[in-house]
Amino acid sequence: ALDAALDGDNIPPAVYDNVVDTINKNIKPLHNYISIRRDMLNIDRVRPWDITVPLVGDVDFNIPYDNAAAILQEAFQPQGEEYVATVAAAFKEGSVDVFENRGKRSGAYSWSTYGVHPYILMNYNSTLNNLFTLAHEFGHAMHSWYTHRSQPNHYSHYTIFVAEVASTLNDAVLMDYLFKR
């Protein structure tokens, strides 16, 4: 059954097994976090709906879009000069549809067409959450950009199994950058 489930995405069972093993070997921090959350919320058991309950009051981080662009370019430095230059060009060339307007969908996503720089669509509202959303969507955009540069069109599509890798990496890189500052 596992082989059949993974076959459509061409994922070897060994890769799946490695993911599960890695999660199991590193689950203690998640258990610690759940214990802290349980204690802070003063509840006996953390249920799925308890995961999104805020533990502290709102903090107002007003991060204008231009500041977000600068923060991300600095935060992405560990990914190399080419990566940062490509992100900078995307900001400069208008590859991010930033602000809300009539008829624009809500949410955030990256869209790409082979041979064209990917576009990010979102309704940026100067919050820390939107800074992370922008970093996340840049992960998708850069994944597509690099894929399109190195693969012919018929090999340039990737599965959902790998689609979140680059975006989650960007989340982690931004988090590391912010923790250090």
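Just so you know, these numbers come straight off a predicted model, no measurement behind them.

J.: Help me understand the sheet that holds strand 3 (residues 116–121) in this model?
T.: In any sheet, the strands associate via hydrogen bonds between backbone groups, in a parallel or an antiparallel arrangement. Taken together, the 3 strands give an open sheet; going across it, the order is 1-3-2, and neighbouring strands pair in mixed fashion. With partners counted over all chains shown, the strands left at the sheet margins are strand 1 (96–97) and strand 2 (109–113), one partner each. Judged from the 4 bridges that link them, strand 2 and strand 3 form a sheet pairing that is antiparallel. Looking at strand 3, one finds that S110 is bridged to I120. Seen against the sheet, helix 6 (residues 128–150) touches strand 1, strand 2 and strand 3 and runs at an angle of roughly 165° to strand 3.

J.: It is not clear to me how the packing of aromatic side chains should be interpreted in this structure. Could you clarify?
T.: By convention here, two paired aromatic rings are described through the distance between centres and the angle between planes. Applying the stated rule across the entire model yields 7 aromatic pairs. Centre to centre, the rings of Y65 and F99 are 6.0 Å apart; their planes meet at 70°, and the pair counts as edge-to-face. Residue Y65 is located in helix 4 (residues 65–75), and its partner F99 is located in the loop between strand 1 and strand 2; the two are separated by 34 residues in the primary sequence. Taking the relative accessible area as the measure of exposure, Y65 reaches 13% and is therefore buried. Ring geometry for F91 and F138: centres 5.0 Å apart, planes at 50°, overall tilted. Note that F91 is positioned in helix 5 (residues 81–93) and F138 in helix 6, a separation of 47 residues in sequence. The class of F138 is buried, set by a relative accessible area of 1%. These aromatic residues form a ring-pair network of at least three members: Y65, F91, F99, Y124 and F138.

So, how was this worked out
Residues numbered from 1 in each chain as written. Predicted model: local features only at pLDDT ≥ 70, side-chain atom pairs only at ≥ 80, totals over all residues. Heavy atoms only, no water. Pairing = 2+ DSSP bridges. Helix = DSSP H or I, 4+ residues; strand = E, 2+ residues; numbered from the N terminus. Contact = heavy atoms within 4.5 Å. Axes fitted to C-alpha atoms, helices over the stretch in contact; angles between N-to-C directions. Phe/Tyr/Trp six-rings, centres within 6.5 Å; stacked < 30°, edge-to-face > 60°. Buried < 20%, exposed > 50% of the residue type's maximum accessible area, 1.4 Å probe, protein only.

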